[in-house]
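Summary of structural features
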Amino acid sequence: MNDSLNRYAFLDRKRNKEQNRAEAWKRDEAMERIASIRSSNPDLYDRMGPMVHMSLGHYENDKKIAAQYGRDVNKGGK
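Here goes a summary of the coordinates provided. All of these numbers come straight from a predicted model, not from anything done at the bench. (Residues numbered from 1 in each chain as written. Predicted model: local features only at pLDDT ≥ 70, side-chain atom pairs only at ≥ 80, totals over all residues. Heavy atoms only, no water.)

1. Quick notes on the packing of helix α3 (residues 29-40) against helix α5 (residues 50-68)
- As a packed pair, α3 and α5 sit with axes 10 Å apart at the nearest point and diverge in direction by 110°. By the angle between their axes, α3 is roughly perpendicular relative to α5. Residues M31, E32, I34, A35 and R38 of α3 pack against V52, S55, L56, Y59, E60 and K63 of α5.
- Per-class residue counts for the contact of α3 with α5 are 6 nonpolar, 1 polar and 4 charged. (Axes fitted to C-alpha atoms, helices over the stretch in contact; angles between N-to-C directions. Helix = DSSP H or I, 4+ residues; strand = E, 2+ residues; numbered from the N terminus. Parallel < 35°, antiparallel > 145°, perpendicular 65-115°, else oblique. Contact = heavy atoms within 4.5 Å. Nonpolar A, V, L, I, M, F, W, Y, C, P; charged D, E, K, R; others polar.)

2. A look at the packing of aromatic side chains
- Inspection of every chain in the model, using the stated rule, returns 1 aromatic pair.
- With a centroid separation of 5.8 Å and 40° between ring planes, the pair formed by W25 and Y59 is classed as tilted. With W25 in the loop between α2 (17-24) and α3 and Y59 in helix α5, this pair connects stretches of sequence that are 34 residues apart.
- We classify W25 as buried; its relative accessible area is 4%. (Phe/Tyr/Trp six-rings, centres within 6.5 Å; stacked < 30°, edge-to-face > 60°. Buried < 20%, exposed > 50% of the residue type's maximum accessible area, 1.4 Å probe, protein only.)

Purely geometric stuff here, so don't read any function into it on its own.
Shown next as structure tokens:
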């Protein structure tokens, strides 16, 4: 049902979840370090556990959306 509600107008305008996620995104140095560990030391990354993997996935997805909406995701995220 939640998916159905998102397809319709919310109050006076259509809800834009991606734009809200882009505006809320903040650079997280810990997540950036984990992403670099994934590239440089995959064995260590594999031992970190599923919560870290899921958190990094959400972080990177939000980062991608923020970049699509024109946010600078490389330095400070503004």
